[in-house]
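As a plain string of letters, each chain reads:
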Amino acid sequence: MITLKNGDTIPYNENFDDFFRELVNSVIKASLRQASADMKAGEDGNAFNEHLLRQIMDNSIFIVHQIEELAKKDENLSRLLVTGCLFNCVVLNLKEIGGSFKEDTSEDDDEIMH
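Anyway, here's the lowdown on the structure attached to this text. The model shown is predicted, which means the values in this text are computed figures rather than measured ones. In this numbering scheme, every chain counts its residues from 1 along its sequence in written order. Thresholds applied to this predicted model are a pLDDT of at least 70 for local features of residues and 80 or more for the giving and counting of side-chain atom pairs; totals over whole chains, interfaces and linings are not thresholded and use all residues. Side-chain figures throughout are based on the complete set of non-hydrogen atoms in the structure, without hydrogens or water.

As for the side chain of H51
Runs of H or I in DSSP of at least four residues are treated as helices and runs of E of at least two as strands, each being numbered from the N terminus. Relative to the helices and strands, H51 resides in helix α2 (residues 45–73). Residue classification places H51 among the buried residues on the basis of a relative accessible area of 11%. When neighbours within four sequence positions are excluded, H51 is seen to be in contact with A35, D38, M39 and E43. Summary of the burial criterion: residues with accessible area below 20% of their type's maximum are buried, those above 50% are exposed, and those between are partly exposed, where the area comes from a 1.4 Å probe applied to protein chains only. Note on definitions: a residue-residue contact is assigned when non-hydrogen atoms from the two residues lie within 4.5 Å.

Dropping the structure here:
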């Protein structure tokens, strides 16, 4: 089970895709709620985006600490969590990144990938 900063819990599911989807959705929902609550009068959309990114990062750090603790008890499960998260991140970005690769690249190609 993973706990978010706000105390919400996500029970571990042996179907990693379902577990990861629930984890990501929960982080986004909790972060959106907290970012809204953190808004002060007069702040604009840029401020909201900063609050949101801060909340997503804080939740991510909070989750990583739990995975590190889990590694002390069950190294294989923590490896699965980290590997699955990296795999899902790569797959989610594959469409966007994959479309930018070209069969024939030339020295004149100024496109920067990073």
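From this point on, the discussion continues.
Observations regarding the nonpolar core
To form a nonpolar core, buried Ala, Val, Leu, Ile, Met, Phe, Trp, Tyr and Cys residues must be joined to one another through side-chain atoms within 4.5 Å. Core analysis: the largest hydrophobic core is formed by twelve residues, namely I2, L4, I10, F16, F19, F20, L23, V27, A30, I63, I67 and L81. Elements with a contribution of two residues or more to this core: α1 (16–38) and α2. In contact with I10, other than residues within four places in its own chain, are M1, I2, L4, F19, E22, L23 and S26.

Brief notes about the packing of α1 against α2
Their axes nearest at 8 Å, the elements α1 and α2 cross at an angle of 135 degrees. One way to sum up the angle between α1 and α2 is to call them oblique. Relative to α2, α1 is oriented so that their crossing is right-handed. Contacts between α1 and α2 involve L23, V27, S31, L32, Q34, A35, S36 and D38 from the former and F48, H51, L52, Q55, I56, N59 and I63 from the latter. For the contact of α1 with α2, a count of residues per class yields eight nonpolar, six polar and one charged. Axis definition: a line fitted to C-alpha atoms, limited for helices to the stretch in contact. Angles are taken between N-to-C directions and run from 0 to 180 degrees. Put simply, angles under 35 degrees are roughly parallel, angles over 145 are roughly antiparallel, angles from 65 to 115 are roughly perpendicular, and the rest are oblique. Take the far helix as the reference: if the near one is turned anticlockwise from it by less than a right angle, the crossing is left-handed, and if turned clockwise, right-handed. Gly falls in the polar group here, along with every residue not listed as nonpolar (Ala, Val, Leu, Ile, Met, Phe, Trp, Tyr, Cys, Pro) or charged (Asp, Glu, Lys, Arg).

Thoughts on the packing of aromatic side chains
Here a Phe, Tyr or Trp ring, Trp counted by its six-membered ring, pairs with any other such ring whose centre lies within 6.5 Å, and the pair is stacked when the planes are under 30 degrees apart, edge-to-face when over 60, and tilted otherwise. According to the stated counting rule, one finds three aromatic pairs in the structure shown. Taking 6.1 Å as the distance between ring centres and 55 degrees as the angle between the ring planes, the aromatic pair formed by F16 and F19 counts as tilted. With a gap of three residues between them, F16 and F19 both fall in helix α1, about one helical turn apart. For the pair F16 and F19, one class covers both residues: buried. Three or more aromatic residues joined by ring pairs form one cluster here, namely Y12, F16, F19 and F20.

Some thoughts on the pattern of salt bridges
As a working rule, side chains carrying opposite charge can pair if their charged atoms are close by. Within this document, salt bridges are pairs made up of a side-chain nitrogen of Lys or Arg and a carboxyl oxygen of Asp or Glu, the two lying within 4 Å of each other. Applying the stated rule across the entire model yields five salt bridges. Between K72 and E69 there is a salt bridge; the shortest N-O distance is 3.0 Å. Of the two residues, K72 and E69 both sit in helix α2, three residues apart, roughly one turn of that helix. By relative accessible area, which is 65% here, K72 ends up exposed. Take E69: its relative accessible area is 42%, and that puts it in the partly exposed class. Residues E75 and R79 are paired through a salt bridge, measuring 2.3 Å at the closest nitrogen-oxygen approach.

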